[in-house]
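So the chains spell out like this:
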Amino acid sequence: QVHLMESGGGLVQAGGSLRLSCAASGVMAKPNVLGWYRQSPGTLRDLVAIFTDKDSTAYGDSVKGRFTISKDDASNTVWLEMSSLRPDDAGTYYCYYRDFIRNLGVWGQGSQVTVSS
């Protein structure tokens, strides 16, 4: 199994920056996807940024140019650098892992991000 532990959420003013971290533990298989989704009240969980199974990156349209995803395979950690934050970036950010050999999908516990205007 894989367990995801997130950290780094909080309150930030609009225009500010914040970094989220997600540390994965357990046996990770490849190919896999690892990244971030966001959910706001009353909405579905939407893609923010992710490393694909081919190790390329993909971003949600609303965050392109403002957010950057990075990872360290040695420590199984993925980060989300968020800049120029807007009130509509607020929500609960979930780390997500999926591998295709075991058809295993795992969500982190969620990290709250609040952006004040």
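Structure shown above.
For clarity, every value in this text was computed on a predicted model and none was experimentally measured. (Residues numbered from 1 in each chain as written. Predicted model: local features only at pLDDT ≥ 70, side-chain atom pairs only at ≥ 80, totals over all residues. Heavy atoms only, no water.)

Enquirer: Can you lay out the environment of Tyr37 for me, pointing to particular residues and giving the numbers?
Expert: Structurally, Tyr37 can be placed in strand S4 (residues 32-39). Spatially, the C-alpha atoms of Tyr37 and Tyr96 are 7.2 Å apart, while their sequence positions differ by 59 residues. Contact partners of Tyr37, with chain neighbours within four places excluded, come to Arg45, Asp46, Leu47, Val48, Ile50, Thr92, Tyr93, Tyr94, Tyr96 and Trp107. (Helix = DSSP H or I, 4+ residues; strand = E, 2+ residues; numbered from the N terminus. Contact = heavy atoms within 4.5 Å.)

Enquirer: Tell me about the state of the cysteines, and name the residues and values.
Expert: Per the counting criterion, the structure on display carries 1 disulfide. Here Cys22 engages in a disulfide with Cys95; their sulfurs sit 2.1 Å apart. One quick way to see it: the torsion about the S-S bond of Cys22 and Cys95 is about -85°, and its sign makes the bridge left-handed. Taken together, the positions of Cys22 in strand S3 (residues 18-26) and Cys95 in strand S9 (residues 91-99) put the pair 73 residues apart, joining distant regions of the chain. By the burial criterion, Cys22 is buried, and Cys95 matches it. (Disulfide = S-S within 2.5 Å. Buried < 20%, exposed > 50% of the residue type's maximum accessible area, 1.4 Å probe, protein only.)

Enquirer: Report on the pairing of strand S10 (residues 104-107), specifying residues and quantitative values.
Expert: Burial along S10 is one-sided: Leu104 and Val106 are buried, and none of Gly105 and Trp107, which face the opposite way, are. Relative to S10, S9 runs antiparallel, the two sharing 4 bridges. What sits directly across from Tyr97, in S10, is Val106. Where S9 hands over to S10, the hairpin turn is made up of 4 residues, of which Asn103 adopts a positive phi near 50°. (Pairing = 2+ DSSP bridges.)

Enquirer: Tell me about the nonpolar core, and name the residues and values.
Expert: Buried together is how nonpolar side chains tend to be arranged in soluble globular proteins. In this structure, Trp36, Leu80, Met82 and Tyr93 are the most contacted members of the largest nonpolar core, which totals 27 residues. Looking at this core, the element that brings in the most residues is S3, giving 4 residues. (Core = buried A, V, L, I, M, F, W, Y, C linked by side-chain atoms within 4.5 Å.)

Enquirer: Give me the lowdown on unusual backbone geometry, citing residues and values where you can.
Expert: Looking along the chain, the bond that leaves Lys30 and enters Pro31 is cis, with omega of 5°. Positionally, Pro31 belongs in the loop between S3 and S4. Within the chain, Asp55 stands out as a residue other than glycine whose phi angle is a positive 65°. Along the chain, Asp55 turns up in the loop between strand S5 (46-51) and strand S6 (57-59). Even without being a glycine, Asn76 presents a positive backbone phi close to 55°. Among the structural elements, Asn76 can be located in the loop between strand S7 (67-72) and strand S8 (77-82).

Everything listed here is a matter of coordinates, which is why it stays silent on function.
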